[in-house]
Amino acid sequence: MLDRTPFHYDDGALFCEGVALEELAERWGTPLYVTSRHSIEDRYREFEAAFAGLDHFTCYSVKANFNLSVIRTLGDLGCGCDVNSAGELFRALKAGVPGNRIIFAGVGKRPDEISYALENGVLMLKVESLSELRSIDRIAGDAGLTAPVALRINPNVTAETHPYITTGDSKEKFGIDEAELPEVFTLLGELRHVRLVGLDMHIGSQIFDPEFYVAALTKLLDIHSYSKGRGFAVEYLDIGGGFPATYDPMKPETPLSSFAEKLVPMLKPAGAKVIFEPGRFLMANASVLLTRILYRKRNHIGKEFFVVDAGLTELIRPALYQSHHEVISVRRHDETVVADVVGPICESSDFFARQRPIGDAPEGELLAVMSAGAYGAVMSSNYNGRLRPAEVMVEGSESRLIRRRESFEQLIANEVE
Ligand SMILES: *Cc1c(COP(=O)(O)O)cnc(C)c1O
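Residues numbered from 1 in each chain as written. Predicted model: local features only at pLDDT ≥ 70, side-chain atom pairs only at ≥ 80, totals over all residues. Heavy atoms only, no water.

Caption draft 1: The overall build of the protein, seen in detail. Along the backbone of the protein there are twelve helices and 21 strands. Computed over C-alpha atoms, the radius of gyration of the protein comes to 23 Å, within 12% of the 22 Å expected from 2.2 N^0.38 for 417 residues, which places it in the range of a compact globule. Projecting the C-alpha coordinates of the protein onto the three principal axes gives extents of approximately 70 × 55 × 45 Å. Looking at the 417 residues of the protein, the share that counts as buried comes to 56%. Taking as baseline every contact in the protein between residues at least 6 positions apart, the subset at least 24 positions apart corresponds to 70%. Put simply, the protein shows about 17,800 Å² of open surface, and 50% of that area lies on carbon and sulfur atoms. Put simply, the protein has 44 plus and 59 minus side-chain charges, and the middle of one group is 2 Å from the middle of the other. (Helix = DSSP H or I, 4+ residues; strand = E, 2+ residues; numbered from the N terminus. Rg over C-alpha atoms; globule rule 2.2 N^0.38 Å. Buried < 20%, exposed > 50% of the residue type's maximum accessible area, 1.4 Å probe, protein only. Contact = heavy atoms within 4.5 Å. Areas by Shrake-Rupley, 256 points an atom, 1.4 Å probe, with all protein chains shown as cover. Lys, Arg positive; Asp, Glu negative; His and termini not counted. Charge placed at Lys NZ, Arg CZ, Asp CG, Glu CD.)

Structure representation (structure tokens):
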């Protein structure tokens, strides 16, 4: 069994692999993202093993964590990338992933982004509307190229997850509506500078129940048949990401085998190469956000607060999605107190935990906000004049800075007076 969390106590102190978190905080300061390289590798191998029976290609969804060292870690294992903007494409290329292993997605691609993707020979561009299809054809034609495209279908399946992370419902902006497909295929027959290579779906994130994939994939396979009937045999079926990760030990993730059992028998007879785009599954539990307790206080109604030096500017998930993150003391304390862990930002939503038992750590000690590897550092901001945090990657007993803490100079670098 693979080690699901590389973060563990040794002699009362929390470690990432072979490195004590206290040491890292001492050296690099806080708030600090700490990422385990082995965790990323293990999760990727676990993913590959679960779908080994299927001719497939895994493209890491870069938006989950776009640090160059993270992308490179996965790229070195043969993983491709799913990118959502020219900036993410730039990052994937910089991290050494070749264009032909990159998928360019996004519901609103600008013409310059389409050109940039074509220049770099991406594996395919996803198409999310009729207008976008025309636009890609025109831009490719002007450049003397043929654009490989995949149709992102909106399967109209409402996955049971937080409403902000469901994407395969007709109420949402994503994908091409089924009713438009006849027109889309007619247009594909007329356009000269696009070549249909794939059909694609992505129903959302943190999907615990495989039945939502089954429902959406049933639609995708129907469209695959329809596509063949219209004379378009595609090479790729892309079923997106959304595979779950454990944030709360009380709500453990559905094992990948449950997804594979349902999906592999459906996908195999289709005779196309399958693309997966996991993000959260690979990254969520690879990192923690390390933060120092600045103050402890208690109010007249007996409520306890740990005021820490990280906030929603470093990790916005609790504020944005009401997400659960475990918060644990870096030095083990057997006594716990029920408290709120809050940041220094001027917003009431700036908290990591509410009314939770926390190790009774004194001011000056460290807390670790767990499962911060996906949709954490990538969403950090300068709100309240905050400097984006530093990031460190651990491998065994080695650690290395993978992003410097921002400086005051960087904070104002683009401003013109
Ligand atoms: C965000 C996204 C993913 C990754 O989702 P996870 O839940 O992180 O696996 C994959 N594909 C597309 C198109 C996405 O937008």
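Next, the rest of the story.
Caption draft 2: Representation of unusual backbone geometry in the model. A cis geometry characterises the amide bond from Thr30 onward to Pro31, with omega recorded as -10°. For Gln206, which is not glycine, the phi torsion reads 60° and is therefore positive. Summarising the element assignment, Gln206 is placed in the loop between strand 11 (194–200) and helix 8 (210–229). Of the residues examined, Gln206 reaches a relative accessible area of 14% and is grouped as buried. Even without a glycine there, the phi angle at Asn384 is positive, about 65°. Following the sequence through the fold, Asn384 ends up in the loop between strand 19 (366–369) and strand 20 (390–395).

Caption draft 3: Representation of the site of the ligand in the model. Near the ligand, the surroundings consist of 14 residues, among which Lys63, Ser205, Glu277, Arg280 and Tyr375 are the closest. At 2.7 Å from an oxygen atom of the ligand is found a side-chain nitrogen or oxygen belonging to Lys63. Within the backbone of Gly242, one N or O atom sits 2.8 Å away from an oxygen atom of the ligand. Per-class residue counts for the shell around the ligand are two nonpolar, six polar and six charged. (Near = heavy atom within 4 Å. Polar contact = N/O pair within 3.5 Å; in protein donor to acceptor, adjacent residues only side chain to side chain. Nonpolar A, V, L, I, M, F, W, Y, C, P; charged D, E, K, R; others polar.)

Caption draft 4: Quick peek at the nonpolar core. Ranked by size, the top nonpolar core spans 84 residues in total, and within it Phe51, Tyr60, Leu151 and Leu188 carry the most contacts. Among the elements that take part in this core, helix 8 stands out by supplying eight residues, more than any other. Here this core spans two domains, since at least three of its residues come from each of domain 1 (7–36 + 284–411) and domain 2 (105–278). Once residues within four sequence positions are removed from consideration, Tyr60 is found in contact with Asn65, Val70, Ile71, Leu74, Cys79, Gly80, Cys81, Asp82, Pro278, Gly279, Leu282 and Met283. (Core = buried A, V, L, I, M, F, W, Y, C linked by side-chain atoms within 4.5 Å. Domains from an automatic or database assignment.)

Caption draft 5: Local environment of the side chain of Glu17. Position of Glu17 relative to the elements: it lies in the loop between strand 2 (13–16) and strand 3 (19–20). One buried charged residue, Glu17, forms no salt bridge at all, with the nearest opposite charge on Arg37 at 7.8 Å. Reaching out from Glu17, the side chain makes a polar contact with the backbone nitrogen of Arg37 at a distance of 3.5 Å. Apart from the residues within four sequence positions on either side, Glu17 is in contact with Pro6, His8, Ser36, Arg37, His38, Ser39, Val394, Glu395 and Gly396. (Salt bridge = Lys/Arg side-chain N within 4 Å of Asp/Glu carboxyl O.)

Caption draft 6: Main features of the packing of helix 2 (residues 37–50) against helix 3 (residues 68–76). Relative to each other, helix 2 and helix 3 sit at 40°, their axes nearing to 10 Å. When the interaxial angle is binned, helix 2 and helix 3 end up oblique. You can see that helix 2 and helix 3 cross each other, and the crossing is right-handed. Counted together, Arg37, Ile40, Glu41 and Tyr44 of helix 2 and Val70, Thr73, Leu74 and Asp76 of helix 3 form the full contact between these two elements. Its residues placed into classes, the contact of helix 2 with helix 3 shows four nonpolar, one polar and three charged. (Axes fitted to C-alpha atoms, helices over the stretch in contact; angles between N-to-C directions. Parallel < 35°, antiparallel > 145°, perpendicular 65-115°, else oblique. Left-handed = near helix turned anticlockwise from the far one by under 90°.)

Caption draft 7: View of the pattern of salt bridges. Following the criterion strictly, the structure yields 25 salt bridges and no others. Here Arg298 ties to Glu304 by a salt bridge, and the two come within 2.9 Å at their closest N and O atoms. Its relative accessible area of 57% is what places Arg298 among the exposed residues. The class of Glu304 is buried, set by a relative accessible area of 12%.

Caption draft 8: Representation of the environment of Glu178. Within the secondary structure layout, Glu178 lies in the loop between strand 10 (176–177) and helix 7 (181–190). With 35 residues separating them along the chain, Glu178 and Ala143 place their C-alpha atoms 31 Å apart. Setting aside chain neighbours within four positions, we find Glu178 in contact with Asn154, Pro155, Asn156 and Lys219.

Caption draft 9: A look at the packing of helix 5 (residues 111–119) against helix 6 (residues 130–142). Taken N-terminus to C-terminus, the directions of helix 5 and helix 6 make an angle of 55°; their axes are 10 Å apart at the nearest point. Between helix 5 and helix 6, the crossing angle belongs to the class labelled oblique. Considering only the axes of helix 5 and helix 6, their crossing is right-handed. Two secondary-structure elements touch here, helix 5 through Pro111, Ile114, Ser115 and Leu118 and helix 6 through Ser135, Ile136, Ile139 and Ala140. Taken together, the residues of the contact of helix 5 with helix 6 break down into six nonpolar, two polar and no charged.

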